[in-house]
Amino acid sequence: MIMEQRLTDEERLTLKTGAFGAVFLVSNADPGVLGVIRESVAASGALADASGTVKEALTTGPLPRLPRDSQLEIESVVLPALGRAVRILREKSPQDVEAYRSLVLAAADQVARAHDGVAPAEAAAIDQIRVALAEPA
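Residues numbered from 1 in each chain as written. Predicted model: local features only at pLDDT ≥ 70, side-chain atom pairs only at ≥ 80, totals over all residues. Heavy atoms only, no water.

S.K.: Sorry if this is basic, but what is going on with helix 6 (residues 120-133) here?
M.R.: In an α-helix, one full turn covers 3.6 residues, which means residues spaced three or four apart are oriented alike. For helix 6, with 14 residues, the first-to-last C-alpha span of 20 Å sits near the 20 Å given by 1.5 Å per residue. Buried within helix 6 we find E122, A125, I126, I129, A132 and L133. Angular distribution of buried residues about the axis of helix 6 spans 120°; they occupy a single face of the element. In helix 6, the exposed positions angled more than 90 degrees off the buried face are occupied by P120 and V131. (Helix = DSSP H or I, 4+ residues; strand = E, 2+ residues; numbered from the N terminus. Expected span 1.5 Å × (residues − 1). Buried < 20%, exposed > 50% of the residue type's maximum accessible area, 1.4 Å probe, protein only. Arc of directions from axis to C-beta.)

Following this line, the structure appears as structure tokens:
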């Protein structure tokens, strides 16, 4: 029987940084004023589907602070956070690992599709997210 362990505030912030950051990474890959509004709505809809430990992590505590200066800086924070989030869940709530991965990828995909289809830069960002969420070798 798998026992779920409660996440610390820092661990919840890591899950939130990964999930919200993934959405921001895709949105920032192909920026545009009208797109941002549609993308925000799409992301909030996808992230609202969270449940259990993942929902608790995404809906409690402070919002993550994400860099805004460059795509590279965003990647340097978000991609490692996604990997840490998967490791945290694998250790403390293994039944939620796949739900977190699916939720983050669905939100990223919905953001990319929210405005004029998926741009190549958005597709590349989603690929980076998918790799960051993958099981380690």
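Anyway, onward from the coordinates.
S.K.: Quick question: what am I supposed to make of the nonpolar core here?
M.R.: Judged by nonpolar contacts, the single largest core of 37 residues is most densely connected at L15, V26, L82, Y100, V104 and I129. Of all elements in the fold, only helix 1 (9-29), helix 2 (33-47), helix 3 (52-59), helix 4 (71-92), helix 5 (97-113) and helix 6 reach the threshold of two or more residues within this core. Sequence-distant contacts of V104, defined by excluding residues within four places in its chain, comprise A19, A22, L82, I129 and L133. (Core = buried A, V, L, I, M, F, W, Y, C linked by side-chain atoms within 4.5 Å. Contact = heavy atoms within 4.5 Å.)

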